[in-house]
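Spelled out from the first residue to the last, the chains are:
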Amino acid sequence: MDASPAQPAPSAWGTPAPRASVTASAPAAVPAPAPWWSTTRGDLFLAGTDALLVASTALTGVGVLSWGQAHSPWLPMALALPGLLGVSLRHRHLTWAVALIGASTVATAVLGHSVAAFVLLFEFFFTLTLLGSERVRAATRVLACALTAAFVVGTVASGGGLGQALTAALGGALCLGLPVAWASDLRVSDRLRAVEARRADEAASSAAAHTELALVRERTRMAGELHDSVSGHLSAIALQSQAALNASDPAVRDAVLGQIRSASVEALAHMRSLIDVLHAGGQQAEPLGTLADLPALAERARAAGHQVTLRVSEPLPGLSRAAEAAAFRAASEGVTNALKHAPRRAVELVVGPVPGGLELRVANRGAPGGGPGVGAPGHQHPLPDDAGSGAAATPPGGGNGLGLRQLAARLDSVGGTLRAGPEAEGWVLSARVPTLEEEAT
């Protein structure tokens, strides 16, 4: 007799218990080991225990009815062996197990060995309820109730009194009702264990997904840092080197080369800081650039031969370090895009306070809007596209809009906003960041 849920084997009688699914990309949760008695090894142990019980009662004559006493005590044991074999095989071959247990139950009952018949009958109903399909389980419950009722009716019909009828009902409950109820409870426990295993697996998969998402976010952040700190410098170097090649005045060429060296050193310093962050174990890099660096940004552009005007309205409001870095990155992105896509157009960089924050505008004066109806005032270009210039000013192989997307994400992280698109005055990039007080609320 069993005392634990078991994992059923597929057969004509039963269906396998649900198992936790494991995705190929996520580490599987380690399921709790099944109790030893719900395995084949446990079946062998229980079959051996039943064999000792049947043998001891057969040899001592306990539970042997009058018509079975004329037979050898080893005969009930021999007839019970197929059923005990079925007990040991039920997790591997359910159909054969049920057939062997049922045949041995009938044989020992006919022989008159009541203990062996009781043990095998218990195992028969227990096995069907625990491992059978839903239809088999329902039929087993009906059969148990019908046989119990038949025992009681037969006892009363044969002249038995109330006491004998109650004894027959108690025997039916022990032989038939108890294994059905016990196996049903254990089957529910087995399903709960399978549900917990699935939940553990889903938790492991969810943890793996969160880890992967964190890695993706970190890669995106590092890509933004690389773009913000290095791409602008490299673009300026490319433009300045072209100006140096075209300059006929040695003094101008030397000034431009000096700006190129300065931008190169600064780009290397920023790159080194990012590499140090990676080696240090992922601590976030300090935001790069402040509003105090705007004059140097404008001067680098002028050194390359571009018309850049910087106007700063004082006093500027107090900003957090991250908000100030975001504003500087907006200026760098706007100036770089303007010089790259419309190098012959004047660029105006305006910084000043607005209610609740600071606004920074980079206007590419006179840059064409490009496309029908795109140059209307207030039109906002979609940020996923390259908003560096209008279609007419964008050369083949222009930007892919990564800089604007990164910039929009950076501004959003500090509570700011970004607008980029053609307006009446030309192409305009407008960024707003909140003050310290506004960001705190």
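Within each chain, residues carry numbers counting from 1 in the order of the written sequence. Whole-chain, interface and lining totals are the exception, using all residues; otherwise, since this is a predicted model, local features are given only for residues with pLDDT of at least 70 and side-chain atom pairs are given and counted only at 80 or more. Only heavy atoms go into the side-chain values, all of them from the structure, while hydrogens and water stay out.

**What about the overall build of the protein?**
Then step 1. Every helix listed is a DSSP run of H or I at least four residues long, and every strand listed is a run of E at least two residues long, numbered separately from the N terminus. Counting its secondary structure elements, the protein contains 11 helices and 5 strands.
Then step 2. When each of the 441 residues of the protein is scored for burial, the buried share is 44%.
Then step 3. By sequence separation, contacts in the protein at least 24 residues apart represent 71% of the contacts at least 6 residues apart.
Then step 4. Counting every atom, the protein has about 22200 Å² of accessible surface; 64% of that belongs to carbon and sulfur. Exposure categories follow from relative accessible area, calculated using a 1.4 Å probe and restricted to protein chains: below 20% of the type maximum is buried, above 50% is exposed, and the middle band is partly exposed. Here, two residues are considered to be in contact whenever any of their heavy atoms come within 4.5 Å of each other. Accessible surface is estimated by sampling points in the Shrake-Rupley manner with a 1.4 Å probe; for residues, cover comes only from the protein chains shown.

**Re the nonpolar core**
Then step 1. Counting residues in hydrophobic clusters, the biggest one holds 31 residues, and the most contacted among them are Leu294, Leu360 and Val433.
Then step 2. Secondary structure elements with two or more residues in this core: α8 (294-303), α9 (321-341), β2 (347-354), β3 (357-365), α10 (402-413), β4 (417-423) and β5 (426-434).
Then step 3. Among the elements that take part in this core, α9 stands out by supplying 9 residues, more than any other.
Then step 4. Setting aside its immediate chain neighbours within four residues, leucine 294 contacts Leu310, Phe328, Ala331, Leu349, Val351 and Leu360.
Then step 5. Residue types Ala, Val, Leu, Ile, Met, Phe, Trp, Tyr and Cys, when buried and joined through side-chain atoms within 4.5 Å, form a set referred to as a nonpolar core. Within the second largest apolar cluster, 20 residues are counted, among which are Phe125, Leu130, Ala144 and Leu186.

**What to know about the packing of aromatic side chains**
The description of an aromatic ring pair rests on the distance of the ring centres and on the angle between the ring planes.
Then step 1. Only rings of Phe, Tyr and Trp enter the pairing, Trp through its six-membered ring, and a pair is recorded when the two centres are within 6.5 Å. The plane angle decides the type: under 30 degrees is stacked, over 60 is edge-to-face, the rest tilted. Scanning all chains against the criterion turns up 5 aromatic pairs.
Then step 2. Pairing phenylalanine 126 with tryptophan 182 gives two aromatic rings, centres 5.9 Å apart and planes at 80°, and the pair type is edge-to-face. In this pair, phenylalanine 126 sits in helix α4 (residues 114-131) while tryptophan 182 sits in helix α6 (residues 162-246), placing the two residues 56 residues apart along the sequence.
Then step 3. For phenylalanine 126, a relative accessible area of 0% corresponds to the buried category.
Then step 4. Through pairs of rings, three or more aromatic residues link up here, namely Phe118, Phe122, Phe126 and Trp182.

**Thoughts on the confidence of the model for the protein**
Then step 1. On a range of 0 to 100, pLDDT expresses the predictor's confidence in each residue. Averaged over all residues, the pLDDT of the protein equals 75, while 73% of them reach at least 70.
Then step 2. At the level of individual helices and strands, the protein shows its lowest average pLDDT in helix α7 (residues 250-280), which scores 72, and its highest in β2, which scores 92.
Then step 3. Contacts of residues 369-398 to residues separated by more than four positions or lying in other chains number 66 contacts, the stretch itself having pLDDT below 50.

**Description of a nonpolar patch on the surface**
Then step 1. A contiguous nonpolar patch, built from Leu170, Leu174, Leu178 and Trp182 and spanning about 350 Å² of accessible area, is present on the exposed surface.
Then step 2. Looking at the secondary structure, you find leucine 170 in helix α6.
Then step 3. In this structure leucine 170 comes out as exposed when scored by relative accessible area, which is 53%. Patches were defined on residues exceeding 30% relative accessible area and lacking a salt bridge, with like-charge contacts within 9 Å and nonpolar side-chain contacts (Val, Leu, Ile, Met, Phe, Trp, Tyr) within 5 Å. Any carboxyl oxygen of Asp or Glu that lies within 4 Å of a side-chain nitrogen of Lys or Arg is treated as forming a salt bridge with it.

**A closer look at α9**
Then step 1. Take the residue count of a helix, subtract one, and multiply by 1.5 Å to get its expected span. Taking 1.5 Å per residue as the helical rise, α9 with its 21 residues ought to reach 30 Å, and the 30 Å between its terminal C-alpha atoms agrees with that figure.
Then step 2. Counted residue by residue, α9 has 17 buried out of 21 residues, so it is predominantly covered.

**Describing helix α5 (residues 134-157)**
Then step 1. Here α5 spans 34 Å end to end across 24 residues, near enough to the 34 Å set by a 1.5 Å rise per residue.
Then step 2. Those residues of α5 lying buried are Val136, Arg137, Thr140, Ala144, Thr148 and Thr155.
Then step 3. Glycine 159 sits one or two residues past α5 and shows a positive phi near 100°.

**Some points on the sheet that holds β3**
Then step 1. Pairing is mixed in the open sheet, where 5 strands are placed in the order β1-β2-β3-β5-β4. Among the strands making up the open sheet, the edge pair consists of β1 (308-312) and β4. Ignoring strand direction, the axes of neighbouring strands in this sheet form an average angle of 15°.
Then step 2. Two strands are said to pair when DSSP picks up at least two bridges between them. Both β2 and β3 contribute to a ladder of 8 bridges, which runs antiparallel. Each residue of the ladder has a partner; that of valine 354, found in β3, is glycine 357.
Then step 3. A fitted line through C-alpha atoms serves as each axis, taken over the contacting stretch for helices, and the angle formed by two N-to-C directions is quoted from 0 to 180°. Where α8 meets the sheet, its contacts fall on β1, β2 and β3, and the angle it forms with β1 comes to roughly 165°.
Then step 4. The strands that α9 touches are β2, β3 and β5; relative to β3, the one it contacts most, it runs at about 5°.

**A closer look at the pattern of salt bridges**
Then step 1. Applying the stated criterion across every chain yields a total of 10 salt bridges.
Then step 2. Among the salt bridges present, the one from glutamate 299 reaches arginine 302, with a minimum N-O distance of 3.4 Å. On the criterion of helical spacing, the pair formed by glutamate 299 and arginine 302 is a turn pair, its members being 3 residues apart in helix α8.
Then step 3. Look at glutamate 299 and you get partly exposed, because its relative accessible area is 37%.
Then step 4. Look at arginine 302 and you get partly exposed, because its relative accessible area is 35%.
Then step 5. The closest approach of N and O atoms between arginine 361 and glutamate 423, which form a salt bridge, is 3.7 Å. With arginine 361 in strand β3 and glutamate 423 in strand β4, this residue pair connects regions lying 62 residues apart in the sequence.

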